[in-house]
Amino acid sequence: AQTVTQSQPEMSVQEAETVTLSCTYDTSESDYYLFWYKQPPSRQMILVIRQEAYKQQNATENRFSVNFQKAAKSFSLKISDSQLGDAAMYFCAYRSVGGSNYKLTFGKGTLLTVNP
Amino acid sequence: EPEVTQTPSHQVTQMGQEVILRCVPISNHLYFYWYRQILGQKVEFLVSFYNNEISEKSEIFDDQFSVERPDGSNFTLKIRSTKLEDSAMYFCASRNSGANVLTFGAGSRLTVL
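Structure report, in brief. (Residues numbered from 1 in each chain as written. Chains lettered and ligands numbered in written order. Predicted model: local features only at pLDDT ≥ 70, side-chain atom pairs only at ≥ 80, totals over all residues. Heavy atoms only, no water.)

1. Observations concerning the interface of chain A and chain B
Cut-off, in case you're wondering: Throughout, a contact is declared for two residues whenever any of their heavy atoms are within 4.5 Å. Note on definitions: buried area is the accessible-area loss of two parts on being combined, 1.4 Å probe, summed for both. By convention in these notes, a salt bridge is any Lys or Arg side-chain nitrogen within 4 Å of a carboxyl oxygen on Asp or Glu. In protein, a polar contact means a hydrogen-donor-capable atom and an acceptor-capable atom, both N or O and within 3.5 Å, with residues adjacent in sequence counting only if both atoms are side-chain atoms; elsewhere, any N or O pair within 3.5 Å suffices. Elements are defined by DSSP. Helices are runs of H or I of four residues or more, strands are runs of E of two residues or more, and each kind is numbered from the N terminus. Residue polarity is assigned by list, with Asp, Glu, Lys and Arg as charged and Ala, Val, Leu, Ile, Met, Phe, Trp, Tyr, Cys and Pro as nonpolar; anything else, Gly included, falls into the polar class.
Residue-level contacts link 21 residues of chain A with 22 residues of chain B. Overall, the association of chain A and chain B removes approximately 1900 Å² of surface from exposure, summing both partners, and the carbon and sulfur fraction of that is 51%. Taken together, the links from chain A to chain B amount to one salt bridge. A salt bridge links Lys103(A) to Glu56(B); its shortest N-O distance comes to 3.0 Å. One can count four residue pairs in polar contact (both at pLDDT 80 or more) joining chain A with chain B. Among the secondary structure elements, those contributing two or more residues to the side of chain A that touches chain B are strand S5 (32-39), strand S6 (46-52) and strand S10 (88-96) of chain A. In terms of residue class, the side of chain A that touches chain B is built from 10 nonpolar, six polar and five charged.

2. Digging into the state of the cysteines
Disulfides are covalent bonds that link the sulfur atoms of two cysteine residues. Our working rule: Disulfides are defined as cysteine sulfur pairs within 2.5 Å. A 1.4 Å probe rolled over the protein chains alone gives each residue an accessible area, and that area as a share of the maximum for its type sets the label: buried under 20%, exposed over 50%, partly exposed in between.
Inspection of every chain in the model, using the stated rule, returns two disulfides over all chains. The disulfide that involves Cys23(A) links it to Cys92(A), with 2.0 Å between the sulfurs. Taking the torsion about the sulfur-sulfur bond, which here is approximately -70°, the covalent link between Cys23(A) and Cys92(A) counts as left-handed. Of this pair, Cys23(A) sits in the loop between strand S3 (19-21) and strand S4 (24-26) while Cys92(A) sits in strand S10, and the two are 69 residues apart along the sequence. Summarising the burial analysis for this pair, Cys23(A) and Cys92(A) share the class buried. The disulfide that involves Cys23(B) links it to Cys92(B), with 1.9 Å between the sulfurs. Residues Cys23(B) and Cys92(B) are joined by a disulfide whose S-S torsion is about -65°; by sign, that bridge is left-handed. With Cys23(B) in strand S3 (residues 19-24) and Cys92(B) in strand S9 (residues 88-95), the pair connects residues that are 69 residues apart, well separated along the chain. For Cys23(B), a relative accessible area of 0% gives the class buried.

3. Concerning the packing of aromatic side chains
Two descriptors summarise a pair of aromatic rings, namely the distance from one centre to the other and the angle between the planes of the rings. Stated formally: Each aromatic pair joins two rings of Phe, Tyr and Trp (for Trp, the six-membered one) with centres within 6.5 Å, and gets the label stacked for planes under 30 degrees apart, edge-to-face for over 60, and tilted for any other angle.
With the rule as written, the count across this model stands at 19 aromatic pairs over all chains. Taking the centre distance of 5.4 Å and the plane angle of 40° together, the rings of Phe32(B) and Phe75(B) count as tilted. With Phe32(B) in strand S4 (residues 31-37) and Phe75(B) in strand S8 (residues 75-79), the pair connects residues that are 43 residues apart, well separated along the chain. Each of the two residues, Phe32(B) as well as Phe75(B), counts as buried. An aromatic cluster is defined as three or more aromatic residues linked by ring pairs; in this entry it consists of Tyr33(A), Phe35(A), Tyr37(A), Phe91(A), Phe106(A), Tyr35(B), Phe45(B) and Phe104(B).

4. Re the pattern of salt bridges
Going through the model one piece at a time under the given rule, you end up with five salt bridges over all chains. Across the salt bridge formed by Lys73(A) and Asp26(A), the nearest N and O atoms sit 3.7 Å from each other. Placement of the pair is Lys73(A) in the loop between strand S8 (64-69) and strand S9 (74-79) and Asp26(A) in strand S4, with a sequence separation of 47 residues. Across the pair Arg36(B) and Glu44(B) runs a salt bridge whose closest N-O atoms are separated by 3.4 Å. Given a relative accessible area of 9%, Arg36(B) falls into the buried group.

Set out below in structure tokens:
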């Protein structure tokens, strides 16, 4: 079974600075998807960024980018130029490629605080 | 932008009571899911639902749990006789056929006393 570990329960960053959230995972599969979801307080989880394991290039979405290290099974999220609206719980998640049930395996989450 | 809507946002119930959590998935989505997160723990998969039947369920999803799509728009999670350990945030999600992204609701917090 796959596991996802987020070792930082809480992180804080100054507005306009850069922060990196860590995620490691364990799997015996060679192909899979990795995701970062963001959950603002009392709001729904929204997808921030995703990475297909077969792609060597790190995914980027505006101020959000990942550092995907397949051999190390590491998938960190970098937020550049942090904004107050980035404050949220961030979840790292894994999904196998096979199967149609789209079952996600999540980490415990990292609570990000952005200080003005 | 279309949203997955969940009600209630918070429910408090007594142990042994039945609870129904409701979800309105995005209208053209065909696959539906329930996840839960016990406070301080990971978000866990409970069940997936497609074509009016359960397609996969976790070991958490025992006989006390059931899901239903009663009217073509709502997707409900019923807990027949709640236990203290059922206290958690329950997330509904949906996706369309071929989509690689789940859309989640804001969650329903269940507190069992």
